[in-house]
Amino acid sequence: MKQTLKIYLYTLLIIFIPFTLIALILALLSYFIQWNGFLFLSIIEVLSYLILVIAALYFTSRLSQKRLHHCLLIAFLYFLLSLLLHLGNLHLVHLICKPLIFIVIGILKEKLKKE
């Protein structure tokens with residue numbers, strides 16, 4: 001149980017520390033460089049999906065039992081946290097697709113494990 005909670009904590013740290021660092025770096029760059037808003041948002045979205053894929057791969061590789069149940073739980077937690085943080089401007093596509101990354105990678109890891 002304690003080991004599973006550590007995995008959850010490390011996964012959340014894998015998600016939020018790079019998000020914070022990327023936001024800080026892009027904020028500093030935008031202070032010195034005039035960026036197109038579309039380019040700025042595109043960079044943020046691509047990097048956020050990349051970080052989520054890395055976090056999901058880490059999460060599923062560390063779990064050995066009930067991997068899909070844990071993936072559903074962390075996807076639900078991520079969905080709720082994203083919903084609360086972005087309540088002012090909801091982008092439903094990203095709100096739904098980002099938690100699905102954990103579910104899809106969990107399903108793929110389960111299928112690969114069985115083969």
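Described in the following lines is the structure provided in the data block.

Cut-offs and rules
Throughout this document, residue positions are counted from 1 along each chain, in the order its sequence is written. Note on the predicted model: pLDDT of at least 70 is required for a residue's local features to be given, and 80 or more for side-chain atom pairs to be given and counted; whole-chain, interface and lining totals, by contrast, use all residues. Values shown for side chains rest on all heavy atoms present in the structure; no hydrogens or waters enter the calculation. Our working definition of a disulfide is a cysteine sulfur pair at a distance within 2.5 Å. Accessibility here uses a 1.4 Å probe with only protein chains present; expressed as a share of the type maximum, an area under 20% marks a residue as buried, one over 50% as exposed, and anything in between as partly exposed. Each helix is a run of DSSP H or I of at least 4 residues and each strand a run of E of at least 2, with the numbering of both proceeding from the N terminus. Throughout, a contact is declared for two residues whenever any of their heavy atoms are within 4.5 Å. Under this definition, polar contacts are N or O atom pairs within 3.5 Å; protein pairs additionally need one hydrogen-donor-capable and one acceptor-capable atom, and for neighbouring residues in sequence, both atoms have to be side-chain atoms. Distance thresholds for patches are 9 Å for like charges and 5 Å for nonpolar side chains (Val, Leu, Ile, Met, Phe, Trp, Tyr), applied to residues having over 30% relative accessible area and no salt bridge. The Shrake-Rupley method, run with a 1.4 Å probe, gives the accessible areas here. Residue values count only the displayed protein chains as cover. Throughout this description, the term salt bridge denotes a Lys or Arg side-chain nitrogen within 4 Å of a carboxyl oxygen of Asp or Glu. Here is the rule: rings of Phe, Tyr and Trp (six-membered ring for Trp) pair when centre to centre is within 6.5 Å. Planes less than 30 degrees apart are stacked, more than 60 are edge-to-face, and the remainder are tilted.

**Quick look at the state of the cysteines**
Step number 1: Counting across every chain of the model gives 0 disulfides.
Step number 2: Cys71 supplies the cysteine sulfur nearest to Cys97, a cysteine that is in no disulfide, at a spacing of 17 Å.
Step number 3: On the basis of relative accessibility, which here comes to 33%, the residue Cys97 falls in the partly exposed class.

**Comments concerning the environment of Thr60**
Step number 1: Among the structural elements, Thr60 can be located in helix H2 (residues 37-62).
Step number 2: Remark: the alpha-carbon pair of Thr60 and Leu80, spanning 20 residues in sequence, is separated by 20 Å.
Step number 3: If near-sequence neighbours (up to four positions away) are discounted, Thr60 is found in contact with Arg67, Cys71, Ile105, Gly106 and Lys109.
Step number 4: Within the structure, Thr60 has its side chain in polar contact with the backbone oxygen of Ala56 (distance 2.9 Å).

**A closer look at a nonpolar patch on the surface**
Step number 1: On the surface, Leu9, Tyr10, Leu13, Ile17, Leu21, Ile25, Leu29, Tyr31, Phe32 and Ile33 cluster together into a nonpolar patch covering about 1,000 Å² of accessible area.
Step number 2: Within the secondary structure layout, Tyr10 lies in helix H1 (residues 2-32).
Step number 3: With relative accessibility at 41%, the residue Tyr10 sits in the partly exposed group.

**Quick notes on the packing of aromatic side chains**
Each aromatic ring pair is described using two quantities: the centre-to-centre distance and the angle formed by the ring planes.
Step number 1: One pass over the full model with this rule turns up 4 aromatic pairs.
Step number 2: Taken together, a centroid distance of 6.3 Å and an interplanar angle of 85° make the contact between Phe59 and Phe102 edge-to-face. On the criterion of sequence distance, the pair formed by Phe59 in helix H2 and Phe102 in helix H4 (residues 92-114) is long-range, its members being 43 residues apart.
Step number 3: The exposure class assigned to Phe59 is buried, which follows from its relative accessible area of 0%.
Step number 4: Classification of Phe102 by relative accessible area gives buried; the value is 0%.

**Looking at the pattern of salt bridges**
Step number 1: Going through the model one piece at a time under the given rule, you end up with 1 salt bridge.
Step number 2: One salt bridge connects Lys98 with Glu45, and the closest N-O pair in it is separated by 3.6 Å. Taken as a pair, Lys98 in helix H4 and Glu45 in helix H2 lie far apart in primary sequence, 53 residues in all.
Step number 3: The exposure class of Lys98 is buried, given its relative accessible area of 12%.
Step number 4: Glu45 gets classed as partly exposed once you look at its relative accessible area, which sits at 25%.

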